[in-house]
Amino acid sequence: MIELVGNMHMHTTYSDGEATHREIAESAARAGLDWVIVTDHNIWVKGVAGYYDTVLLLVGEEVHDCRRAPQANHLLVFGAECELAPLASSPQAVIDEANARGALTFLAHVVEYPSRVAKEDALGWADWNVTGYTGIEIWNYMSEFKARIPTVLHALQYAYFPKAGIRGPFPKALNLWDQLTAKGKLVVGIGGADAHGNSYSLGPLRRTIFPYDYLFSAVNTHVLLNTPTAGNMTTDQALIFDALRAGRAWVGCDVLGSTRGFGFEARSGLAWATMGGDIQRAGAVTLQVTTPLPGDIRIVNNGRIVARAAGQACKYLSTEAGAFRVEVYRGSQGWIFSNPIFVR
Ligand SMILES: [Zn+2]
Ligand SMILES: [Zn+2]
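> Just give me the short version of the pattern of salt bridges, but keep the residues and values in it.
Side chains that differ in charge, positive against negative, can pair when their charged atoms come close. In the structure shown here, the tally under the stated rule is 15 salt bridges. Bridged by salt links that share partners, the residues E112, E120 and K146 form one connected network.

Structural data, given as structure tokens:
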């Protein structure tokens, strides 16, 4: 399969970001990304999607109700090819319309904590009665930053040593995800930058603490395509969306070491499956993880660690059913979070 690396949560000057679409594509190229999806707040920008040299820039929308207090329930919509913000007062209506249009929907930054420095509300997902969405954003870089800085001094520290602040998805977000997938239905996990290129005033200093270039090298989503890209926007968008819909993807914090080449697969008799897939047990199932660099590898079944190994491989023979996913840490920092394989 062909691996492509992308980022699927960012803002331009059309909402509260500081870069244009072209600048975003250039930044993504510098960070080594293959594709990005721009998600401006409550606006779908027509006519800017396409290849910018090597980077495929696609345009989605981050839909939320501006009249809600707090403004929780941010929904990422990809591939609707129209603006869904008019439906924002009902997340279910947005999801239903997106599904009718063959689009993908992801509940953004599902868990958030208020920022003590910027006095910002927690804007996690509140309406858990919704159904029919594609997946959830398990790791949002800017939400993590917002939650973890207790004082302006800490923010300053982050500004100069951003990598040191990375821990991983919030445990509460992973728990929520495990509860959803334990029901046996795929809920695709993605990660995103939520890049805005914002400058922050830190006492006497003003600094863009998380420039696009940095964020595009950090929390990315890697997808596995069944066929090579064609260099044509329509075809390649469909390939990327198919991989996302199928969950053939993992979240990689590439700034801690590139996660390109990560693998997680299951075999049982002649059956084989990779991330997002299903496998029927014929006796036992062998789950095999390989990583491009050494790490602390954990295989998790329905929220419980069932195997753990240090290094670049982990193999586990299971006779249990369930949703098996992988977490890999480098030191105390979260590095790779795979989508689950369902053993039936
Ligand atoms: Zn948001
Ligand atoms: Zn956003």
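> Can you explain the packing of aromatic side chains? Please cite residues and give values.
The full count for this structure, using the stated rule, is ten aromatic pairs. With centroids separated by 5.8 Å and ring planes inclined at 45 degrees, the aromatic side chains of F78 and F106 adopt a geometry described as tilted. Remark: F106 occurs in strand β6 (residues 104-107) and F78 occurs in strand β5 (residues 75-78); sequence separation between them is 28 residues. Taking the relative accessible area as the measure of exposure, F78 reaches 0% and is therefore buried. Here R330 stacks its cationic end above the ring of W335, 5.2 Å away from the centre of that ring.

> Which residues make up the coordination of the zinc ion (ligand 1), and what values go with them?
Donor atoms from the polypeptide that coordinate the zinc ion (ligand 1) comprise E62 (OE), H74 (ND1) and H109 (NE2), at 2.1 to 2.2 Å from the metal. On the primary sequence, the residues serving as donors to the zinc ion (ligand 1) are separated as E-x11-H-x34-H. The distance between the zinc ion (ligand 1) and the zinc ion (ligand 2) comes to 3.5 Å, and E62 binds to both of them. Of the two residues, H74 sits in the loop between β4 (55-63) and β5 while H109 sits in the loop between β6 and β7 (135-140), which places them 35 residues apart along the sequence.

> Got a sec to walk through the pairing of strand β11 (residues 219-225)? Specific residues and values, please.
Counting buried positions along β11 gives seven out of seven residues, so the element sits mostly inside the fold. Residues V219, T221, V223 and L225 line one face of β11 and the alternating positions N220, H222 and L224 line the opposite face, and both faces are buried. In this sheet, β11 lies alongside strand β1 (residues 2-7) in antiparallel orientation, the contact comprising five bridges. Bridge assignment links V5 to a residue of β11, and that residue is H222.

> Please give an account of the environment of A243 that cites residues and values.
Take A243: it is sitting in helix α7 (residues 233-246). Given the relative accessible area of 0%, A243 is considered buried. Along the primary structure A243 and K315 are separated by 72 residues, whereas in three dimensions their C-alpha atoms are 25 Å apart. Sequence-distant contacts of A243, defined by excluding residues within four places in its chain, comprise V223, L224, L225 and R248.

> Give a detailed account of the side chain of N73, specifying residues and quantitative values.
Summarising the element assignment, N73 is placed in the loop between β4 and β5. On the basis of relative accessible area, N73 is assigned to the buried category, the value being 8%. A polar contact of 2.8 Å, which involves the side chain of N73, links it to the backbone nitrogen of A126. With sequence-adjacent residues up to four places away left out, N73 is seen in contact with V63, H64, R68, P91, G124, W125, A126 and D127.

Criteria and cut-off values
- Residues numbered from 1 in each chain as written.
- Chains lettered and ligands numbered in written order.
- Predicted model: local features only at pLDDT ≥ 70, side-chain atom pairs only at ≥ 80, totals over all residues.
- Heavy atoms only, no water.
- Salt bridge = Lys/Arg side-chain N within 4 Å of Asp/Glu carboxyl O.
- Phe/Tyr/Trp six-rings, centres within 6.5 Å; stacked < 30°, edge-to-face > 60°.
- Helix = DSSP H or I, 4+ residues; strand = E, 2+ residues; numbered from the N terminus.
- Buried < 20%, exposed > 50% of the residue type's maximum accessible area, 1.4 Å probe, protein only.
- Lys NZ or Arg CZ within 6 Å of the ring centre and 35° of its normal.
- Donors = N, O, S within 2.8 Å, 3.2 Å for Na, K, Ca; no water.
- Pairing = 2+ DSSP bridges.
- Contact = heavy atoms within 4.5 Å.
- Polar contact = N/O pair within 3.5 Å; in protein donor to acceptor, adjacent residues only side chain to side chain.

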